[in-house]
There are 2 protein chains.
Amino acid sequence: MITVDMRDRKPIYEQLIDNIRTLAVGGHLSPDEHLPSVRQLAAELAINPNTIQKAYAELERQGVIYSLPGRGNFISPDIGAIAAAERRKQTELLRASMQAAKNGGVTEKDALTLLREIYGDE
Amino acid sequence: MITVDMRDRKPIYEQLIDNIRTLAVGGHLSPDEHLPSVRQLAAELAINPNTIQKAYAELERQGVIYSLPGRGNFISPDIGAIAAAERRKQTELLRASMQAAKNGGVTEKDALTLLREIYGDE
DNA sequence: TAACTGTACTGTTCGTTATAGTACGGTTAT
DNA sequence: ATAACCGTACTATAACGAACAGTACAGTTA
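Residues numbered from 1 in each chain as written. Chains lettered and ligands numbered in written order. Predicted model: local features only at pLDDT ≥ 70, side-chain atom pairs only at ≥ 80, totals over all residues. Heavy atoms only, no water.

Close contacts around DNA strand C come from 24 residues, with Ser-67 of chain A together with Ile-12, Asn-48, Asn-50 and Thr-51 of chain B the closest. Here a phosphate oxygen of DNA strand C and a backbone polar atom of Val-38 of chain A are 3.0 Å apart. Within the side chain of Arg-71 of chain B, a nitrogen or oxygen atom sits 3.0 Å from a phosphate oxygen of DNA strand C. For the surface near DNA strand C, the secondary-structure elements that each account for two or more residues are helix H2 (38-45), helix H3 (49-61) and strand E2 (72-75) of chain A together with helix H1 (12-25) and helix H3 (49-61) of chain B. Its residues placed into classes, the surface near DNA strand C shows seven nonpolar, eleven polar and six charged. (Near = heavy atom within 4 Å. Polar contact = N/O pair within 3.5 Å; in protein donor to acceptor, adjacent residues only side chain to side chain. Helix = DSSP H or I, 4+ residues; strand = E, 2+ residues; numbered from the N terminus. Nonpolar A, V, L, I, M, F, W, Y, C, P; charged D, E, K, R; others polar.)

Here it is, written out as structure tokens:
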């Protein structure tokens, strides 16, 4: 489900970009799946159509979706490359976060415990 | 050294807050150490004194520094509690980052490798 | 043809950040 | 005491990005 949080400091259009890309990479949105129209999604989320348009345009630039004028916006058929890019991006963010945590006094042991907690220990 | 990156999306006063708190918690600034005056630091970094003042005010609110009107701003003598708070904060940020990484397709194995890389394997 | 769709504009509002300038009282060394 | 610092508190303004409002036009489809 596509959602936005008005209280979040992150701009709405960026939330939409990350949200949809995460859904696409996670398989919750299938290749060639028809996304809500600009006006429909704007109505559902009670935000301006221009904001949706801005997010869709950036997602197309990133190759996550493609648009057929007059028809709509669709999830890109080749999710593989997108998933790889997402993985690289998240890896770099994680690296930065780990470095900050280390500088902030978080021990390797605690970080390891956290990692096990997130990934489960089955 | 206190620095500022004008190209960063993060506001200058927030950079200063994080920067100084990191230096304090990391022991690079000693308890009761005299910080640069508002006007002096503003001149050094070529930014407005009001921006420094805003950062100092927030740091005092957080208990990282204390101010003596007419004398200056000083690092708080009890860094212990501040370090603990910093550790908690960084732990939560790391947790969120790990969760995002997992959702983004980063494997536990890769995350573990990254962790070892950051903390060193001696 | 009517009702959708994406797209492209212009213009406006709003909040945050940062700046500029001024002012006042406390501290310190000369 | 007086000058030169210091923190602090204002007001006003400029700049920027985000979001909104409104309009318009061309492609698609039932």
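Moving on to the domain arrangement of chain A. All names here are of chain A. As assigned here, chain A comprises domain 1 (12-77) and domain 2 (80-120). Placing a centre on the C-alpha atoms of domain 1 and another on those of domain 2 gives a separation of 27 Å. Of the roughly 440 Å² buried where domain 1 meets domain 2, counting both sides, 59% is carbon and sulfur surface. Of all residues in domain 1, Arg-21, Val-25 and Val-64 give up the largest surface area on contact with domain 2, accounting jointly for 74% of the area buried on that side. Taken together, the links from domain 1 to domain 2 amount to two salt bridges. Across the pair Asp-18 and Lys-89 runs a salt bridge whose closest N-O atoms are separated by 3.8 Å. Inspection of the domain 1/domain 2 interface yields one residue pair in polar contact (both at pLDDT 80 or more). Taken together, the residues of the side of domain 1 that touches domain 2 break down into two nonpolar, three polar and two charged. (Domains from an automatic or database assignment. Buried area = accessible area lost by both parts, 1.4 Å probe. Salt bridge = Lys/Arg side-chain N within 4 Å of Asp/Glu carboxyl O.)

Residues and elements named next belong to chain A. Across all of its chains, the model carries two aromatic pairs over all chains by this definition. With 5.5 Å between their ring centres and 20 degrees between their planes, Tyr-66 and Phe-74 make a pair best called stacked. Classification of Tyr-66 by relative accessible area gives partly exposed; the value is 26%. When its relative accessible area of 6% is taken as the criterion, Phe-74 is described as buried. (Phe/Tyr/Trp six-rings, centres within 6.5 Å; stacked < 30°, edge-to-face > 60°. Buried < 20%, exposed > 50% of the residue type's maximum accessible area, 1.4 Å probe, protein only.)

Moving on, we come to the relation of the copies chain B and chain A. When chain B is fitted onto chain A, the two copies agree to an RMSD of 0.1 Å after a turn of 179 degrees and an axial shift of 0.1 Å. As the rotation angle and translation indicate, the two copies are arranged about a two-fold axis. In terms of proximity to the rotation axis, the leading residue of chain B is Ser-97 of chain B, whose C-alpha is 3.4 Å off the axis. Both copies present the same face, since 100% of the interface residues in chain B are matched by interface residues at the equivalent positions in chain A. (Least-squares fit on C-alpha atoms with pLDDT ≥ 70 in both. Contact = heavy atoms within 4.5 Å.)

The subject of this paragraph is the environment of Ser-30 of chain A. Among the secondary structure elements, Ser-30 of chain A is positioned in the loop between helix H1 (12-25) and H2. With 18 residues separating them in the primary sequence, Ser-30 of chain A and Ile-12 of chain A have C-alpha atoms 23 Å apart.

This next bit is on the protein's contact with DNA strand D. Around DNA strand D, the surrounding shell holds 24 residues, and the nearest of these are Ile-12, Tyr-13, Asn-48 and Asn-50 of chain A together with Ser-67 of chain B. A distance of 2.8 Å separates a phosphate oxygen of DNA strand D from a polar backbone atom of Asn-48 of chain A. Between DNA strand D and the protein, one listed contact pairs a phosphate oxygen with a side-chain N or O atom of Thr-51 of chain A at 3.0 Å. Every element with two or more residues in the surface near DNA strand D is listed here: H1 and H3 of chain A together with helix H2 (38-45), H3 and strand E2 (72-75) of chain B. A class-by-class count of the residues in the surface near DNA strand D yields seven nonpolar, eleven polar and six charged.

Looking at the secondary structure, you find Ser-76 of chain A in the loop between E2 and helix H4 (79-103). Apart from the residues lying within four places of it in its own chain, the contact partners of Ser-76 of chain A are Pro-31, Asp-32, Gly-63, Val-64, Ile-65, Tyr-66 and Ile-82 of chain A.

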